[in-house]
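Summary of structural features
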Amino acid sequence: MPRLSTLHIEKDPTNPRIARLVLDRPERLNAIGEATPGEIRAAVDWALADDEVHVIVVEGAGKGFCGGYDLSQFGEGRLDHPCQQERFPWDPLVDYAVMKRYTEDFMSLWRCPKPTVAQVHGAAVAGGSDIALCCDLLVMAEDARIGYMPTRVWGCPTTAMWAYRLGPMRAKQLMFTGDVIDGRTAAEWGLATLAVPAAELEAATLKLAARIAGVPRSHLAMHKMVVNQVQLHMGLEQSQQLATLFDGITRHNPEGMWFRRYAQAEGFKAAVQWRDSGRDIPEGDDARQRIAELDAQLRETR
């Protein structure tokens, strides 16, 4: 098994045809750190190389599935990162190169010829929803939550999976509002394969995975390839290119820079509270003025 720092993978002790990939930063709600995307790909590669494994279950340790990117690194901190450039003007292709690699790492779950099943409890939000929706099937606790709140400011889902999993109208509804939905709603809308009481989640997921695991690997791979081809012909890769480029813009345009500066000055919890509250988000010249004020505030505190 690979030695990984943000997650682990092993065969289920009761059914070695099932590999269980566990996001394992429970102290940070399994937030996505710099190493997480590449480690997801490494774990998938490990499962792919083992002929005994037929299906991969993806889950989160602790209170939830994944709370998205670690804002203590990417939002509140002042580090100069390709996806959070402090130098001006920002370079969109430097940002794109890194975010596209992250997206391709998440998409290893989708490309893998072995079926992948997300087992979601607690929250699968922001970048965490990208991970969940790159899986072929989604089993949710009824009270679990899924959504992409940063569409309100500072984000565009790079995997673009919402439209392909929900259809245009529902995808637009969630993208325009940044709202989250619970497991019951996700199942009603067809986003989740099924939703069950939280106490039954693991058993229901493993029952489904075991049913899949009894099918020969070659058959699973062919069926997955056929369905994936439909999404590819619908333009999935082109949608992801555009979404990844737009994601970089949302983090470096006036609105995105205001959100970053507000998080750096007041803390990411305050920034997220503003974002999700429904308050008007500063834009254009208003955002630029607030950025200048926050920059002055930050200089005084150094």
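Please refer to the structure placed before this passage.
Report on the accompanying structure.

Reading the values: the criteria
Residues numbered from 1 in each chain as written. Predicted model: local features only at pLDDT ≥ 70, side-chain atom pairs only at ≥ 80, totals over all residues. Heavy atoms only, no water. Helix = DSSP H or I, 4+ residues; strand = E, 2+ residues; numbered from the N terminus. Rg over C-alpha atoms; globule rule 2.2 N^0.38 Å. Buried < 20%, exposed > 50% of the residue type's maximum accessible area, 1.4 Å probe, protein only. Contact = heavy atoms within 4.5 Å. Areas by Shrake-Rupley, 256 points an atom, 1.4 Å probe, with all protein chains shown as cover. Expected span 1.5 Å × (residues − 1). Arc of directions from axis to C-beta. Axes fitted to C-alpha atoms, helices over the stretch in contact; angles between N-to-C directions. Parallel < 35°, antiparallel > 145°, perpendicular 65-115°, else oblique. Nonpolar A, V, L, I, M, F, W, Y, C, P; charged D, E, K, R; others polar. Pairing = 2+ DSSP bridges. Salt bridge = Lys/Arg side-chain N within 4 Å of Asp/Glu carboxyl O.

Secondary structure summary: the chain contains 13 helices and 9 strands in total. For 302 residues, the compact-globule estimate of 2.2 N^0.38 gives 19 Å, and the C-alpha radius of gyration of the chain, at 19 Å, lies within 12% of that figure. Principal-axis analysis of the C-alpha atoms places the extent of the chain at approximately 60 × 40 × 40 Å. When the 302 residues of the chain are sorted by exposure, 52% land in the buried category. A sequence separation of at least 24 residues applies to 72% of the contacts in the chain between residues at least 6 apart. When the accessible surface of the chain is split by element, carbon and sulfur atoms take 55% of a total near 13800 Å².

Let's shift gears to helix H13 (residues 284-301). Between the first and last C-alpha of H13 there are 26 Å, a value that for 18 residues agrees with the 26 Å anticipated at 1.5 Å per step. Those residues of H13 that sit buried are Ala287, Ile291, Leu294 and Leu298. All buried residues of H13 lie within an arc of 75° about the axis, which places them on one face of the element. Exposed and facing more than 90 degrees away from the buried side of H13 are Asp285, Arg299 and Glu300. The inward-facing, buried residues of H13 abut helix H11 (254-266).

Turning next to the packing of helix H10 (residues 236-252) against H11. Direction vectors running N to C along H10 and H11 enclose 60°, while the axes themselves pass 4 Å from each other. The angle between the axes of H10 and H11 places the two elements in the oblique class. Contacts between H10 and H11 pair Thr250, Arg251 and His252 from the former with Pro254, Gly256, Met257 and Arg260 from the latter. Of the residues that constitute the contact of H10 with H11, the class distribution is 2 nonpolar, 3 polar and 2 charged.

A few words on the sheet that holds strand E6 (residues 137-141). Spatially, the 6 strands line up as an open sheet ordered E1-E2-E3-E4-E6-E9, and their pairing is mixed. Edge strands, defined here as strands with exactly one partner in the open sheet, are strand E1 (7-12) and strand E9 (194-196). Neighbouring strand axes in the sheet, compared pairwise and without regard to direction, differ in orientation by 20° on average.

A few words now on the pattern of salt bridges. Pairing is possible between side chains of opposite charge, provided their charged atoms come close. Tallied over the full model, the rule gives 21 salt bridges. Between Arg184 and Glu142 there is a salt bridge, with the nearest N and O atoms lying 3.5 Å from each other. Taken together, the residues Arg184 in helix H7 (residues 183-189) and Glu142 in the loop between E6 and strand E7 (145-147) connect sequence positions 42 residues apart. Residue classification places Arg184 among the partly exposed positions, given a relative accessible area of 42%. The salt bridge involving Asp295 is made with Arg261; its shortest N-O contact spans 2.6 Å.

Any functional reading would require information beyond the geometric quantities listed.
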